[in-house]
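Observations on the three-dimensional arrangement
Residue strings, one per chain:
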Amino acid sequence: MKNLTLQTGYKDPSSFTIAGKGVPVKDAREKVTGTLKFAVDVKVQGMVHGKILRSPHAHARITHINTSKAEALPGVLGVVTHNDAPNLNWENAWFNYRGKVLDGIVRFFGDDMAAVAATSEEIAETALGLIEVEYEILPSVFDPEEAMKPDAPQIREEGNVRDPYIVEWGDVAKGEQEADFVLNCEIKFASQQMAPLGRNACIAEWNDDRVTMWTASQTPSELRDGIHEAFGIPLSKIRVYALPSGSSFGNWWSANFMMITVLLAKKVRKPVKIELTNEECMATVKRRHLEISRGRMGCKKDGTLTLADFDHIIDNGGYGFKDDVGFFCVDNWGRAHHGHYAIHGVNTNLLTAGCMRAVGDVTLGSCVERLADMCAIQVNMDPVEFRLKNQIKPGEELRMQHSRGYLKGSIDEYLDGIPEEQRKDWPKLFHLSSGSTEDILIKGAQAFNWEGRWHGWGKPYSIEGPKRRAVGVGTGAHVCGVEFEGNVSAVVRINPDGSAKVYCAVGRQGQGSETTQAQVAAEELGIPFDKVEIETGDTDSCPWSHGSLASNTMFRVGWATQAASKDAKRQLLEIAAREFFGSDPGELDVKDGMILFKDNNKKDPQISIEDVLNHFRSADALGQASSITGRPTYPMPPSSAFARHFAAHFVDLEVDIETGEIKLLDWLATQDSGTIMNPQVMKNQMIGGAICGAGFAIYESLVFDEETGRIKNANLLDYKLLRAADFPVNGEVIYGDSYDPVGPFGARGAGEAPAAAAGPAIAQAVYNAIGMWVDMPMTPENIITALHKDS
Amino acid sequence: MTTLTVNGGVFEVEIKPHESLADVLRDQLDLYGVRVSCNEGECGSCTVIMDGKPVTACLVLGMQAEGKEVLTIEGLGTVDNLHPIQQAYIEEQGFQCAFCTPGFIMATKAFLDENPDPTEEEAAIGISGNICRCGAYPYIVKSVVSAAKKLREQKRAN
Amino acid sequence: MKKPFEYLRPSTFEEAIALKAQHKNRAKYWAGGTDLMLQWRAGEVDIDYCIDLTYVPKFNYIENEQDGVRIGAMASLDDLDHAAKMNQLMEVIGYTARLMCTKQTRTISTVGGNMCNASPGADLSPLFVALDSEVTIMGSGGSRTVLMEHFFQGVNETILNDEELLIEIKVPVPEYPKEACYKRVARTFVDIALISSAVSISSNNGVVADARISLGSVAPTPIRSRVAEQKLIGSILSDINDDLLEEVGQLAASDASPISDVRAGKEYRRDMCNVLTRRAVEESLKKLSRKQL
């Protein structure tokens, strides 16, 4: 079974009171009545409206900017340009953005140049047209491989090309020698857009030298840091209220338009609201990288993988700074004896690119899956069997550790100073602690009747006229949060009436964090779920957290919430033991809001938390009853060194070989995420991930203008999103059976592996239907083009 | 000034000719449950019911609502008094971020008014005028079918 | 740049036409407005007045009359969907309407507005052409009737002068038993047609008496492929085999001059002319033979 940490403590799932239950999310009633407030709904008294002037060029220096006519327009309160902006770089999480608020250089079509504040949006928009700008046009580059050449136009002051991020083990040459077959492929991936519903707005208000911001963000703490960096003001003078967002997928972390709002509000000394249009949301904030995967895999006749060798390029667009993507496929397929993965990040004069759901695993991951399938075809092995044979199992080494000086070096730093005593029950680092694709592949294959429906490689199970039907399986993995750039924390406070509140900086983009974190706290505290509330977005009260990215929330923030709850409970029980029970606090526990002896034989009465704290009130010289504030008191194991979550998706689809249209017929999403804290939330994450991945696989891609890099389909008419009728109504889910040794009550991360597994499942099913691999997006036209090339 | 009938109430509002009904409802009547996302009639988040039929309010001129009865999510049910459709969505968890949810619920009402006993496939087609980017579709479909059952039972009871 | 406009609300079509005659190109008729609203937002429409037609009563009729089905300009696309059971041609029209945009947009959009917007990709346009539909147009000087085939003049261009208003579409009763079929390729479930083929075939005693093949999204307006039509006319129904269908499809494709755009490439569009025409012809013939039984 399960490697357990004494500090976290194992609780038998059969005794869970609220963990594991599919309770409605805390904001369910607000959601169905339309009373949940999003950033676009927020109004602040006295606020004015801002609009951003956007670059008509892909790369240019502003040589002259005249705002006088705009400022003279009645209703305009002020204009900001790069001349108003501080000369400070700010960064958002994970190197997704680095730049100055405005610096007079534009690096992609639509980049921010200036902004106007006016009494109405219409006046602000009219004023934009009155700003006069002169440019020095700079040469631009859109192709990532062109941008890597030494003579390419340099977009960043640090240069276009980041140092390669390399993971390697064994010896690639040996891997080739040991192989009976070495296969290769090259895939160019289009850029996916988050296409978030809900748009976003930012409101900033200055009071003297302090600023308050309201906006949707998955990363409240990082956003506050960004403001601190961009404006050089102390963190204590910044308060961010991160609001729930619409479907974000990484779009709403911290964005430059938020910084511009702050700048504009400071200039005009009134609260400013900048509300983005849908086009701005899709074309000026962020997107998934354009990626190019070139890979080789070697395998023996018996299907053993001897080599995994991949070279992967990601374009960072204008302001991204990433040198890596989360490619946990390297771990999932790490049984390959020898491996080399290299990631190359490079800037281009396109919209800034960065992390979108399951970054790297959606793209590089599907290249790995295809090559693995090609090997399986070569040795005539069933793809489920091939995955069972070659994918990582608990206890095995995580190959990701072998990145030079990065992951392992940072982990060493992390471990430095944590006494051995506090580490002794940790999982073995750099090895997979629990979970894998094994259980879910077996269960999934059975539930899906894989054996009955899969007729062999490239063999559809049904041919009717031009329609071919076939099934496919795909797997995906991703991390459960990473500890770099700062650890996550949480605070739990118990109120004098026995209710409690959790404070943890996470995103609320529909992944149920406000509910599952409260479930963790309620389970640990022993307080009824209905009495546990949560604050997720206020940076004044929530301790620093990476936020909701890299599938961080359930595992790492959940761990912190549990640890904080333990600390709060300890403080509570110390008071109760001393004031009431005359016992050792360790003899007591809390159940359903009542404090009692753990030992069922002791006949002493149970006392409610409220009674304990209120009775104590007059004698409470230290004000302890009202200030029970728990926080983690022991170190969190470094999750990136042992925790992964896994998904295996089975799909049945039909291809019309005359029109190229794909129709999804059936879908089974399986997932290993340890304890499922809330099945109602989890099933949505799994199917939601499937739909996100399926969209990327079949329909979604940004189209860039060849001359200007302008995004031609930044709208929902031509950026195609799946509808209900495009996805099987009986999409089912199955959960794996594992209990994480570290995650709260055995729960692990969940949001991203399903997005990574979907595309490969569809790609393989299409291969089985028509006998060929088609690159994504597999639009009807791309299918027909591939079929014609073949004939 | 123009008179609009919204959620059973009569309101005098100042409408600029180019203003959409969605903007009028949000900005002048504070009905921010009428959610605007794509603003091009694709996503359906702004769906309201006008004279019994579903419309994307972002495409309707505010002036074109004069003399008609407009129903928004706020008029359908409140946290103290949920409509059976809203109840069904909660039970089936037919949402994630829920920005699209009011639009889906209004589209559901209009759909069920015309199709009181749909199969899952029919329901999926019926509410395909709305987009859920989070990808809750199977659970939205279950919400629609469950809502249909609740409404049929409610009708029988009356 | 978006330019605000004033709002006018006539209560009859005559009033509307008078207003349009007065303001000419500084005014636009505004029906459902689903296209106009987006065009205005994109800064493509510069007007001083919008003439709201939605308060003109009684023009949303769909009536099955002796000489054909008469569709009032203000009938919505959703109304067309609901009228599908009227006869076998309305069934195809209703089916086609149901493919368009979303339920919500179909509720708002009028068939007249859709025709006047004259998008090269509008689904109903090639179908109306294939059904030999007629359009009644009213101006301040009276009314005239034109074939739908001549109504479209270019991308977003119609035969209307700067005051005329489309008031009715008629789908005439065919001389011989006629069946029709509309086929299109699109991406997701809700989409604009990437390319489409609308076919109608009339038979007289087991022989193809007449045929119409109208293609959408392969030219600035819907076009008829007369060579493909001629290939079918005179054929004995029971003799029509896969080879003939393939020929018809190829001929239709040869008449198309598609462009590549953000939605699809021209090669794909041309290839689909063939596939979709073949399928539409095949299905129309199937319906005819079912009828003859």
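Here the structure is a predicted model, which is why all the values come from computation and not from measurement. (Residues numbered from 1 in each chain as written. Chains lettered and ligands numbered in written order. Predicted model: local features only at pLDDT ≥ 70, side-chain atom pairs only at ≥ 80, totals over all residues.)

Helix and strand counts for chain B stand at 6 helices and 5 strands. Starting at the N terminus and ending at the C terminus, chain B contains elements arranged as β-β-α-β-β-β-α-α-α-α-α. Relative to the 2.2 N^0.38 estimate, which gives 15 Å for 158 residues, the radius of gyration of chain B is 15 Å and therefore close to what a compact globule would have. By principal-axis analysis of the C-alpha atoms, chain B measures approximately 45 × 35 × 25 Å. The buried share among the 158 residues of chain B stands at 64%. Considering only contacts within chain B whose residues lie at least 6 apart along the sequence, 62% involve residues at least 24 apart. (Helix = DSSP H or I, 4+ residues; strand = E, 2+ residues; numbered from the N terminus. Rg over C-alpha atoms; globule rule 2.2 N^0.38 Å. Buried ≥ 20, exposed ≤ 12 C-beta atoms within 10 Å, placed from the backbone. Contact = placed C-beta atoms within 7 Å.)

Only a minority of non-glycine residues have a phi that is not negative, and only a minority of peptide bonds are not trans. Note the cis peptide between A:Met776 and A:Pro777, where omega equals -5°. Positive phi outside glycine occurs at B:Asn7, with the angle close to 50°. Judged by the 17 C-beta atoms lying within 10 Å of it, B:Asn7 falls in the partly exposed class.

This brings us to the interface of chain C and chain A. Tallying the contact residues gives 16 residues for chain C and 20 residues for chain A. With 4 residues, helix 11 (residues 266–292) of chain C is the largest single contributor of residues to the side of chain C that touches chain A. Here the side of chain C that touches chain A is composed, by residue class, of 10 nonpolar, 2 polar and 4 charged. (Nonpolar A, V, L, I, M, F, W, Y, C, P; charged D, E, K, R; others polar.)

With that out of the way, let us pick up the environment of A:Leu197. Along the chain, A:Leu197 falls in the loop between strand 10 (181–189) and strand 11 (201–207). Looking at A:Leu197, the number of C-beta atoms within 10 Å reads 30, which means it is buried. Expressed as a C-alpha distance, the spacing of A:Leu197 and A:Ala697, which sit 500 residues apart in the sequence, is 20 Å. Aside from chain neighbours lying at most four places away, what touches A:Leu197 is A:Gly246, A:Ser247, B:Ser37, B:Cys43, B:Ser45, B:Phe99, B:Cys100, B:Ile131 and B:Arg133.

Residues and elements named next belong to chain A. If you walk across this open sheet you meet the 5 strands as 20-21-29-30-31, and the pairing is mixed. Two strands lie at the open edges of the sheet, namely strand 20 (462–464) and strand 31 (732–735), each paired on one side alone. Averaged over all pairs of adjacent strands, the angle between strand axes in this sheet comes to 25°, irrespective of strand direction. Inspection of the sheet shows strand 30 (residues 662–672) paired to strand 31 by 4 bridges, in the parallel sense. The partner of Leu 668 across the bridge, within strand 31, is Glu 732. The sheet strands contacting helix 19 (residues 753–770) are strand 21 (467–479), strand 29 (644–656) and strand 30, and the helix crosses strand 21 at an angle near 155°. (Pairing = 2+ DSSP bridges. Axes fitted to C-alpha atoms, helices over the stretch in contact; angles between N-to-C directions.)

Before going further, it helps to examine the sheet that holds strand 5 (residues 69–71) of chain B. All names here are of chain B. Within the open sheet, the 5 strands sit side by side as 2-1-5-3-4. Their pairing is mixed. If you trace the sheet from one side to the other, it starts and ends with strand 2 (9–13) and strand 4 (53–56), each paired once. Pairs of neighbouring strands in the sheet enclose a mean axial angle of 40°, with direction left out of account. Where strand 3 (residues 47–50) and strand 5 come together, 2 bridges link them in antiparallel fashion. Residue Met 50 lies in a different strand from strand 5, and its bridge partner there is Val 70. Helix-sheet contacts for helix 4 (residues 101–114) involve strand 3 and strand 4, and the interaxial angle to strand 3 is about 35°.

What follows deals with the interface of chain A and chain B. Taken together, the contact between chain A and chain B spans 43 residues of the former and 45 residues of the latter. Within the residue set of the side of chain A that touches chain B, elements represented by two or more residues are helix 1 (28–33) and helix 18 (679–698) of chain A. Here the element with the most residues in the side of chain A that touches chain B is helix 18 of chain A; it accounts for 7 residues. Taken together, the residues that form the side of chain A that touches chain B break down as 20 nonpolar, 17 polar and 6 charged.

On to helix 15 (residues 513–525) of chain A. Residues and elements named next belong to chain A. When the terminal C-alpha atoms of helix 15 are compared, their 18 Å separation across 13 residues agrees well with the 18 Å that a helix rising 1.5 Å per residue should span. Within helix 15, 13 of the 13 residues are buried, leaving the element largely enclosed by the surrounding structure. Immediately downstream of helix 15, the backbone of Gly 526 shows phi near 80°, a positive value. (Expected span 1.5 Å × (residues − 1).)

What follows covers the environment of A:Ile527. All names here are of chain A. Looking at where Ile 527 falls in the secondary structure, it is placed in the loop between helix 15 and strand 24 (532–535). Classification of Ile 527 as buried rests on a count of 30 C-beta atoms within 10 Å. Separated by 379 residues in sequence, Ile 527 and Met 148 place their C-alpha atoms 57 Å apart. Here Ile 527 is in contact with Gly 498, Ala 500, Ala 522, Val 532, Val 590 and Gly 593, once residues within four sequence places are set aside.

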